[in-house]
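Structural overview for review
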Amino acid sequence: MIATNFLSESSLHRIVTQAGKFAVIEFDKDLSVSARDAELAYFASKMNVKKRQIIATLDNSGVIVQAGAMQIMAGNITAATNIKGAGDLLKKMVGSAVTKETTIKPKYVGSGQLVLEPTYRYIILQDLAAWNGSMVIEDGLFLACDDTVNLTVTARSTLSSAVLGGEGLFNTNLTGQGIVALESPVPIEELFVVDLENDVLKIDGNMAIAWSNSLKFTVERSTKTLIGSAASKEGLVNVYRGTGRVLIAPVACNYNISLPNTVGL
């Protein structure tokens, strides 16, 4: 028998979201910083730049985790490589080469609590049931999932979507049932959620961080003619067609927008 205070909230950290086995804790204050870094840490926390961790509570169950993310195993939990043989290893090596994800994602099974390394990125929990059992994610977003979720590599249906869309030729595809934990560059409050039903979504740039595998992704001109595209100053857009869901980070990469007018302040 083992007892922990991992999920006990305090004046320094709190549980911000929970789903299935996973709980996300967020540290409102970081008292372990040095005197030299205290000012930076203070203002960073005011802008929601905080450390976050996942705690998975296992009850004769398992989770798959990004390699190197484990920090603490409390209880009767064992780790395995999640490799089923030489063929599976080769398949995962090829997949990691094209998606920039780690080749081996360990699987932790048993009963107890698994704590992952802290991160300054935002942790978003998604239930694959809301995605009809299939989600495609951008490279580098995967953190953890239930062991009932399968991780495979999916390729773009058209060369234009890979070359011109800015999303890459291959991505990680998550299928099955269970919860998926993503390391997002933006908080969930800044994400737009678009649900399509036999409809079309057009995005100016690679702002989609996750989308249903059922959607067809292409890159097209913003208008029917080259002259129209030039006049609108939009050019090419990423197009998602069909039925499914898209998560969009609209403020993550807006490097070209004008800064606020600070004259006179």
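Presented here is a report on the structure given in the accompanying data block. Here the structure is a predicted model, which means the values were calculated and not measured. (Residues numbered from 1 in each chain as written. Predicted model: local features only at pLDDT ≥ 70, side-chain atom pairs only at ≥ 80, totals over all residues. Heavy atoms only, no water.)

Put simply, the second largest pocket is a space of about 400 Å³. Contributing to the lining of the second largest pocket are 18 residues, with Lys 29, Asp 30, Ala 41, Tyr 42 and Ser 45 lying nearest its centre. For the lining of the second largest pocket, the element with the highest residue contribution is helix α1 (residues 38–46), accounting for seven residues. Tallied by class, the residues present in the lining of the second largest pocket amount to ten nonpolar, one polar and seven charged. (1 Å grid on protein atoms, 1.4 Å probe; cavity = no way out; pocket = protein on both sides within 12 Å on 5 of 7 lines; lining within 4 Å. Points joined across faces, edges and corners; volume = space filled by probe spheres on them. Helix = DSSP H or I, 4+ residues; strand = E, 2+ residues; numbered from the N terminus. Nonpolar A, V, L, I, M, F, W, Y, C, P; charged D, E, K, R; others polar.)

Quick look at the side chain of Thr 119 now. Mapped onto the elements, Thr 119 comes out in the loop between β5 (107–116) and β6 (122–127). In contact with Thr 119, not counting residues within four places along its chain, are Lys 50, Lys 51, Arg 52 and Glu 183. (Contact = heavy atoms within 4.5 Å.)

What follows concerns the pattern of salt bridges. Should their charged atoms come close, side chains of opposite charge can pair. As enumerated under the stated definition, the model contains eleven salt bridges in all. For Asp 146, the salt bridge is made with Lys 21, and the minimal N-O distance between the two is 2.8 Å. With Asp 146 in strand β8 (residues 142–146) and Lys 21 in the loop between β1 (13–19) and β2 (22–27), this residue pair connects regions lying 125 residues apart in the sequence. Here Asp 37 ties to Arg 36 by a salt bridge, and the two come within 3.8 Å at their closest N and O atoms. (Salt bridge = Lys/Arg side-chain N within 4 Å of Asp/Glu carboxyl O.)

Take the environment of Ile 77 next. Positionally, Ile 77 belongs in strand β4 (residues 70–80). Between the C-alpha atoms of Ile 77 and Gln 113, which are 36 residues apart in sequence, the distance is 8.1 Å. Residue contacts for Ile 77: discarding those within four places in its chain leaves Leu 58, Tyr 108, Val 109, Gly 110, Ser 111, Gly 112, Gln 113 and Leu 114.

A word on the packing of aromatic side chains. Counted according to the given criterion, the structure contains three aromatic pairs. With 4.7 Å between their ring centres and 20° between their planes, Phe 217 and Tyr 240 make a pair best called stacked. Pair noted here: Phe 217 is in strand β14 (residues 216–221) and Tyr 240 is in strand β15 (residues 236–248), with a separation of 23 residues, a long-range link. A residue is classified by how much of its surface remains accessible, and Tyr 240, at 0% relative accessible area, is buried. Through a chain of ring-to-ring contacts, three or more aromatic side chains come together here, namely Trp 211, Phe 217 and Tyr 240. Sitting over the ring of Trp 131, Arg 245 keeps its end group 5.8 Å from the ring centre. (Phe/Tyr/Trp six-rings, centres within 6.5 Å; stacked < 30°, edge-to-face > 60°. Buried < 20%, exposed > 50% of the residue type's maximum accessible area, 1.4 Å probe, protein only. Lys NZ or Arg CZ within 6 Å of the ring centre and 35° of its normal.)

On to the pairing of strand β11 (residues 179–184), then. β11 sits mainly inside the fold: six of its six residues count as buried. Across six bridges, the pairing between β6 and β11 is antiparallel. For Gln 126, the partnering residue across the bridge sits in β11 and is Val 180. Where β8 meets β11, three bridges bridge the pair, whose relative direction is antiparallel. Looking at β11, one finds that Ala 144 is bridged to Ala 181. (Pairing = 2+ DSSP bridges.)

Below, the discussion takes up unusual backbone geometry. In this structure, Asn 60 is a non-glycine residue whose phi angle is positive, near 50°. Positionally, Asn 60 belongs in strand β3 (residues 52–65). With a relative accessible area of 67%, Asn 60 lands in the exposed category. Although it is not a glycine, Asn 132 sits at a positive phi angle of roughly 55°. Of the residues examined, Asn 132 reaches a relative accessible area of 71% and is grouped as exposed.

Structurally, Phe 192 can be placed in strand β12 (residues 192–203). Taking the C-alpha atoms as reference points, Phe 192 and Ile 248, separated by 56 residues in sequence, lie 5.0 Å from one another. Once you skip the residues sitting within four places of it in the chain, Phe 192 turns out to touch Val 246, Leu 247, Ile 248 and Pro 250.

Any link to function would need more than the numbers given here.
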